[in-house]
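Commentary on secondary and tertiary structure
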Amino acid sequence: MLLLAVDTATPAVTVALHDGTSVVAESGQVDARRHGELLLPAVDRVLAEAGVKLDAVTDVVVGVGPGPYTGLRVGLVTAATFGSALSVPVHGLCTLDGLAYAAGRAGLQGPFAVATDARRKEVYWARYDDPRTRVTGPAVDRPADIAGQLAGLPVVGAGAVLYPEAFPDAREPEHVSAGALAALAAERLAAGAELLPPQPLYLRRPDAQVPKNYKVVTPK
Amino acid sequence: MADEPLVLGIETSCDETGVGIVRGTTLLADAVASSVDTHARFGGVVPEIASRAHLEAMVPTIERALKEAGISARDLDGISVTAGPGLAGALLVGVSAAKAYAYALNKPLYGVNHLASHICVDQLEHGPLPEPTMALLVSGGHSSLLLAPDITNDVRPLGATIDDAAGEAFDKIARVLDLGFPGGPVIDRLAKEGDPAAIAFPRGLTGSRDPAYDFSFSGLKTSVARWIEAKRAAGEEVPVRDVAASFQEAVVDVLTRKAVRACKDEGVDHLMIGGGVAANSRLRALAEDRCERAGIRLRVPRPGLCTDNGAMVAALGAEMVARGRPASDLELSADSSLPVTDTHVPGAHDHDHVHEISKDNLYS
Ligand SMILES: [Zn+2]
């Protein structure tokens, strides 16, 4: 088994290769505006570091968000295209699950919450009993509106760092890592669990302004 | 380098997910998935809806094109993709897919210009483009007159719209007349039953001191709306067919007049018309007529190749391969305002000095 994992749902552009036992190579860059430019060169670097070619990959794993739309789609369409070109399966995982799993590896046991930046003064968040078990979410809300129900819980991720008044107990890691995502996927696949289809979790309807009735141009 | 390169092209600049496959100037497949129906109720293309639809349609459309062409992706000589101009989020889906596909198959990648692709598509219909070619591109997003001495690295803008694109004017007038979106096809249909001389609508930028090759459709749009409002205010019925015919005549009159003039001024004996508005039957007929009188050969691809599609991107990609133009690199990014003079986006380490060549004769 050789898993290639990518996640572009957050400002982190992250890629990892996992052999079923451990992470072989990994790349993580944080740049919210350049997902499109950074992802493929990162894939190329990770494969080169591991000394393998893309066609050795047996499964593709992709973070399906939730995440702000434009960047999220870069990872999803890249994963789907790899899957088609290589004829290998593409598995989706909730990006927040990857963060929760990474927090577990860093020593956090639970219960806790995960929050990422959803922009527009909102966070994408979910609640976990332990690093492998999501119990609510993912959802998108204003920090102040969920601060009460998460009171007393550690909160993992950039969403906590951004809103310390709502989430005073911020915990590491701040950013998503494809290595954690790949490790979680490898664990679930080995256990015969079903992963998600590689489809985006937008959690918001598209902004679609219906144009107003045409403007009257005759001067009054 | 292959004489007749086998190239797959991806187009996602607006609301059509297009994947085309060509061998040299021969069209093998043209798969298109459109989200136009989803946009109709908004009266225009909604960028986020278009981007979501591209993501859903991308891989299925690639697979459909390969099946239609009956070829194996392993045999491709290159992958080309619209790098711009267009809607940023929409372009990014196609560019990301093309990069992944090229990387997975170990094929050269060519990020190409959407406007140059609109011109190059005619090679699939009428054979190699004459050099230079004069091109009139008209759609909902662009209205330009372009002189193309070499479609792969020398395209010169002679003029463009200073306000609305021609297709946008069709959409707006259709909205004023409650005819729905998109406006082009329905106005074309109604105009056939109307009198194009019924109402004398203005011809923008046609005065002797106006720029010879620029267009303006905003004044026309206002004038048509005002005329309709006056009728309505007077409690009279609006003669929809005559309005459609007279409006359409004003648009195509200016377009063809300026295109023919550009051909004469530049000594070019071929005129190519592309873009979605090139599907307009009156534009085709009037262009045919005026070109014939001026001794100019008119080349207009069939309507399916005039609207946005992947075949046009593949056609330009094949020309890039055939002429040995440098490929793009893995950092290729979508550029929503890619200038038409950038016919393609070569990798950072492999420039071919396009800009130096095309500075001559640049319009603004
Ligand atoms: Zn176009």
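Residues numbered from 1 in each chain as written. Chains lettered and ligands numbered in written order. Predicted model: local features only at pLDDT ≥ 70, side-chain atom pairs only at ≥ 80, totals over all residues. Heavy atoms only, no water.

**Some thoughts on the coordination of the zinc ion**
All names here are of chain B.
- With distances of 2.1 to 2.3 Å, the protein atoms coordinating the zinc ion are H114 (NE2), H118 (NE2) and D308 (OD).
- Every donor residue of the zinc ion comes from the same chain, spaced as H-x3-H-x189-D. Of this pair, H118 sits in helix α4 (residues 114-120) while D308 is found in the loop between α11 (303-306) and α12 (310-322), placing the two residues 190 residues apart along the sequence. (Donors = N, O, S within 2.8 Å, 3.2 Å for Na, K, Ca; no water. Helix = DSSP H or I, 4+ residues; strand = E, 2+ residues; numbered from the N terminus.)

**A closer look at the side chain of A:E122**
Residue and element names in this part refer to chain A.
- Turning to its location among the elements, E122 is positioned in the loop between β6 (112-117) and β7 (123-130).
- In this structure the side chain of E122 is engaged in a polar contact, spanning 2.7 Å, whose partner is the side chain of R204.
- What E122 contacts, discounting residues up to four positions off in sequence, is T116, D117, V140, D141, R142, P143, Y163 and R204. (Polar contact = N/O pair within 3.5 Å; in protein donor to acceptor, adjacent residues only side chain to side chain. Contact = heavy atoms within 4.5 Å.)

**Things to note about the UniProt feature "domain: Gcp-like" (unreviewed entry) in chain A**
- The UniProt feature table records "domain: Gcp-like" (unreviewed entry) at residues 32-148 of chain A.
- Strand forms 27% of residues 32-148 of chain A and helix 43%; the C-alpha atoms that close the span are 29 Å apart. (UniProt positions renumbered as here; feature names shortened; annotations may be inferred.)

**Looking at the UniProt feature "binding site: substrate" (unreviewed entry) in chain B**
Residues and elements named next belong to chain B.
- As recorded in UniProt, the feature "binding site: substrate" (unreviewed entry) lies at L137, V138, S139, G140, G141, D171, G184, D188 and N280.
- Within the secondary structure, V138 is located in strand β6 (residues 133-138).
- The exposure class of V138 is buried, given its relative accessible area of 0%.
- Look past the residues within four positions of V138 in its chain and what remains in contact with it is S143, A166, L255, I273, G274, G275, G276, V277, A278 and L283.
- Here G184 shows up in helix α7 (residues 184-191).
- Contact partners of G184, with chain neighbours within four places excluded, come to F170 and D171. (Buried < 20%, exposed > 50% of the residue type's maximum accessible area, 1.4 Å probe, protein only.)

**Brief notes about the sheet that holds strand β10 (residues 170-171) of chain A**
All names here are of chain A.
- Pairing is mixed in the open sheet, where five strands are placed in the order β8-β7-β6-β9-β10. Both outer strands of the open sheet, β8 (133-141) and β10, are each paired with one neighbouring strand and no more.
- Bridging between β7 and β8 involves six bridges; their strand directions are antiparallel. Paired with R127 across the two strands is T136, which belongs to β8.
- Helix-sheet contacts for helix α3 (residues 95-105) involve β6, β7, β8 and β9 (155-156), and the interaxial angle to β6 is about 130°. (Pairing = 2+ DSSP bridges. Axes fitted to C-alpha atoms, helices over the stretch in contact; angles between N-to-C directions.)

**Re the sheet that holds strand β2 (residues 12-18) of chain A**
Residue and element names in this part refer to chain A.
- In space, the five strands of this open sheet follow the order β3-β2-β1-β4-β5, with mixed pairing throughout. Because the sheet does not close on itself, it has two edges, and the strands there are β3 (23-30) and β5 (90-93). Here the average twist between neighbouring strands, direction ignored, is 15°.
- When strand β1 (residues 3-7) meets strand β4 (residues 59-63), the two strands line up parallel, connected through four bridges. The residue bridging L4 from the neighbouring strand is V60, located in β4.
- Packing of helix α2 (residues 69-86) onto the sheet brings it into contact with β1, β4 and β5, and relative to β4 it is tilted by some 165°.

**Thoughts on the interface of chain A and chain B**
- Contact with chain A, which involves 38 residues of that partner, is made by 35 residues of chain B.
- Taken together, both faces of the contact between chain A and chain B bury some 3000 Å²; the carbon and sulfur share is 68%.
- One salt bridge connects A:R73 with B:E48, and the closest N-O pair in it is separated by 3.1 Å.
- Breaking the side of chain A that touches chain B down by element, the ones donating at least two residues are α1 (35-50) and α2 of chain A.
- Here the side of chain A that touches chain B gets 13 residues from one element, more than from any other, and that element is α2(A). (Buried area = accessible area lost by both parts, 1.4 Å probe. Salt bridge = Lys/Arg side-chain N within 4 Å of Asp/Glu carboxyl O.)

**Regarding the UniProt feature "binding site: Fe cation" (unreviewed entry) in chain B**
Residue and element names in this part refer to chain B.
- The residues that UniProt annotates with the feature "binding site: Fe cation" (unreviewed entry) are H114, H118 and D308. These residues run over 195 residues, yet every pair of their C-alpha atoms falls within 8.8 Å of each other.
- Assessed through its relative accessible area of 0%, H118 is described here as buried.
- Excluding residues within four positions of it along the chain, H118 makes contact with L137, H142, M272, G275, C306, T307, D308 and M312.
- Among the residues examined, D308 registers a relative accessible area of 16% and is labelled buried.
- With sequence-adjacent residues up to four places away left out, D308 is seen in contact with E11, S13, C14, E16, H114 and H118.
- Within polar-contact distance, the side chain of D308 engages the side chain of H114 at 3.2 Å.

**So, the packing of aromatic side chains**
- This structure, assessed with the given rule, holds five aromatic pairs over all chains.
- On the numbers, 6.4 Å between centres and 45° between planes, the contact of A:F82 with B:Y103 is tilted. One end of the pair, A:F82, is in helix α2; the other, B:Y103, is in helix α3 (residues 88-105), on a second chain.
- We classify A:F82 as buried; its relative accessible area is 1%.
- We classify B:Y103 as buried; its relative accessible area is 19%.
- Where B:F201 meets B:W227, the ring centres are 6.3 Å apart and the plane angle is 85°; that geometry is what we call edge-to-face. One end of the pair, B:F201, is in the loop between α7 and α8 (218-233); the other, B:W227, is in helix α8, and 26 residues separate them in sequence.
- Owing to a relative accessible area of 26%, B:W227 belongs among the partly exposed residues under this scheme. (Phe/Tyr/Trp six-rings, centres within 6.5 Å; stacked < 30°, edge-to-face > 60°.)

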